[in-house]
Amino acid sequence: MDKNIKRIYGIDLGTTYSSIAYVDEYGKAVIIPNAENERVTPSVVFFDENNIVVGEVAKESSKLYPNEVVSFIREHSGDAFHLEVAAYPEFHPQAGSAEEDLKNFARKVEAGANSAITQYFFNADSYFYFIDRLEKMGVTIPVVPGIMPIINFSNLVRFSDMCGAEIPRWIRKQLEAYGDDSDSIRKFGEEVVTEMCEKLLKAGAPGLHFYTLNQVEPSLNIWKNLGISEQEKIAF
């Protein structure tokens, strides 16, 4: 993200910041360190007509949780921006309980989030249960399922262990059985993920968000399998 800001705006953020939330037409940007479940200190940075930093206002009173970051952005931008937040159908690995995680998500929505994208999962029922719990809490923003194509078993296990995404035992065992047969892993993964996507869309999921990991072909194959026209759009 920093490289893109330097390329587009001629601004080198160096190592001070990790991500940028937005740049508006008035030359104001909200810069947010990259942290999901920790307190962070966002800043509003102002640029002149030559894209030179001319001022900065940091939220110095305390470091902020994600819902507080959403509030901070709304404070400085009103409703000018569509804000998406993270969601965890299988619950955040650092959450003390499922109830706590649901309440944390509701706080982000109350703070002004427009929609959400989930962590990836391979059990559609976890998504349906998550949405059902949210609706019972009165939380009704669109929550788009995050989809991870299965490309490499060892990498998938490592990512999943880090982020708390569960690989169902039957999927894990089948992938283990393929060993180093990458073609079989990809074919099996494509079939499994396509079927899950079909189930999600049929049940009313508002869209699909693919984690491509810089490999577009597996996601395109799933997209083609779903028979979705390139002209189709899902607007929130």
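For clarity, every value in this text was computed on a predicted model and none was experimentally measured.

What follows concerns the packing of helix α4 (residues 124–136) against helix α7 (residues 182–202). Viewed as axis vectors pointing N to C, α4 and α7 meet at an angle of 25°, and their least axial separation amounts to 10 Å. Judged by the angle between their axes, α4 and α7 are roughly parallel. Here α4 runs over α7; the crossing is right-handed. Contacts from Ala 124, Asp 125, Tyr 127 and Phe 128 in α4 reach Met 196, Lys 199 and Leu 200 in α7. Here the contact of α4 with α7 is composed, by residue class, of five nonpolar, no polar and two charged.

Here the focus is unusual backbone geometry. A positive phi angle, near 75°, is found at Phe 91, a position not held by glycine. The residue Phe 91 is located in the loop between β5 (84–87) and α3 (98–111) in this model. Here Leu 213, not a glycine, exhibits a phi torsion of approximately 50°, which is positive. Its location among the elements puts Leu 213 in the loop between β8 (209–210) and α8 (216–226).

Moving on to the pairing of β5. Burial of the side chains of β5 is restricted to one face: Val 85 and Ala 87 are buried, whereas none of Glu 84 and Ala 86 on the reverse face is. Here β5 runs beside strand β6 (residues 115–120); their pairing, made up of four bridges, is parallel. Across the sheet, residue Ala 87 finds its bridge partner in β6, namely Thr 118. In this fold, β5 hands off to α3, which returns the chain to β6; that crossover is right-handed.

For the rest of this paragraph, the subject is the sheet that holds β5. In spatial order, the strands read β5-β6-β7-β8; together these four strands make up an open sheet with parallel pairing. In this open sheet, the two strands that pair with only one neighbour each are β5 and β8. Both β6 and strand β7 (residues 143–147) contribute to a ladder of three bridges, which runs parallel. Paired with Ala 116 across the strands is Val 143, a residue of β7.

Let's shift gears to α4. End to end, α4 covers 19 Å across 13 residues, agreeing with the expected 18 Å (1.5 Å per residue, within 8%). Listed as buried for α4 are Ala 124, Ser 126, Tyr 127, Phe 130, Ile 131, Arg 133 and Leu 134. Where α4 is buried, its residues contact β5, α3, β6, β7 and α7. For α4, the N-terminal capping position is held by Asn 123, with its side-chain oxygen 3.1 Å away from the main-chain nitrogen of Asp 125.

Quick look at the nonpolar core now. Ranked by internal contacts, the top residues of the largest apolar core, which has 46 residues, are Phe 105, Phe 122 and Val 143. Of all the elements, α7 adds the most residues to this core, at seven residues. Excluding residues that lie within four positions of it along the chain, Val 143 makes contacts with Ala 87, Phe 105, Ala 116, Thr 118, Tyr 127, Phe 130, Ile 131, Leu 134 and Pro 206.

Attention now moves to the pattern of salt bridges. Summed over all chains, the structure comprises four salt bridges. In this structure, Asp 125 engages Lys 199 in a salt bridge whose closest nitrogen and oxygen atoms are separated by 3.7 Å. Note that Asp 125 is positioned in helix α4 and Lys 199 in helix α7, a separation of 74 residues in sequence. As a salt-bridge pair, Lys 136 and Asp 132 come within 3.3 Å of each other at their nearest N and O atoms. On the criterion of helical spacing, the pair formed by Lys 136 and Asp 132 is a turn pair, its members being four residues apart in helix α4. Taking the relative accessible area as the measure of exposure, Lys 136 reaches 66% and is therefore exposed.

Following the sequence through the fold, Ser 219 ends up in helix α8. Separated by 72 residues in the primary sequence, Ser 219 and Ile 147 have C-alpha atoms spaced 8.8 Å apart. For Ser 219, the contacting residues outside a window of four places in its chain are Pro 149, Phe 210 and Thr 212.

Thresholds applied
Residues numbered from 1 in each chain as written. Predicted model: local features only at pLDDT ≥ 70, side-chain atom pairs only at ≥ 80, totals over all residues. Heavy atoms only, no water. Axes fitted to C-alpha atoms, helices over the stretch in contact; angles between N-to-C directions. Helix = DSSP H or I, 4+ residues; strand = E, 2+ residues; numbered from the N terminus. Parallel < 35°, antiparallel > 145°, perpendicular 65-115°, else oblique. Left-handed = near helix turned anticlockwise from the far one by under 90°. Contact = heavy atoms within 4.5 Å. Nonpolar A, V, L, I, M, F, W, Y, C, P; charged D, E, K, R; others polar. Buried < 20%, exposed > 50% of the residue type's maximum accessible area, 1.4 Å probe, protein only. Pairing = 2+ DSSP bridges. Right-handed = clockwise from strand over helix to strand, strands pointing away. Expected span 1.5 Å × (residues − 1). Polar contact = N/O pair within 3.5 Å; in protein donor to acceptor, adjacent residues only side chain to side chain. Core = buried A, V, L, I, M, F, W, Y, C linked by side-chain atoms within 4.5 Å. Salt bridge = Lys/Arg side-chain N within 4 Å of Asp/Glu carboxyl O.

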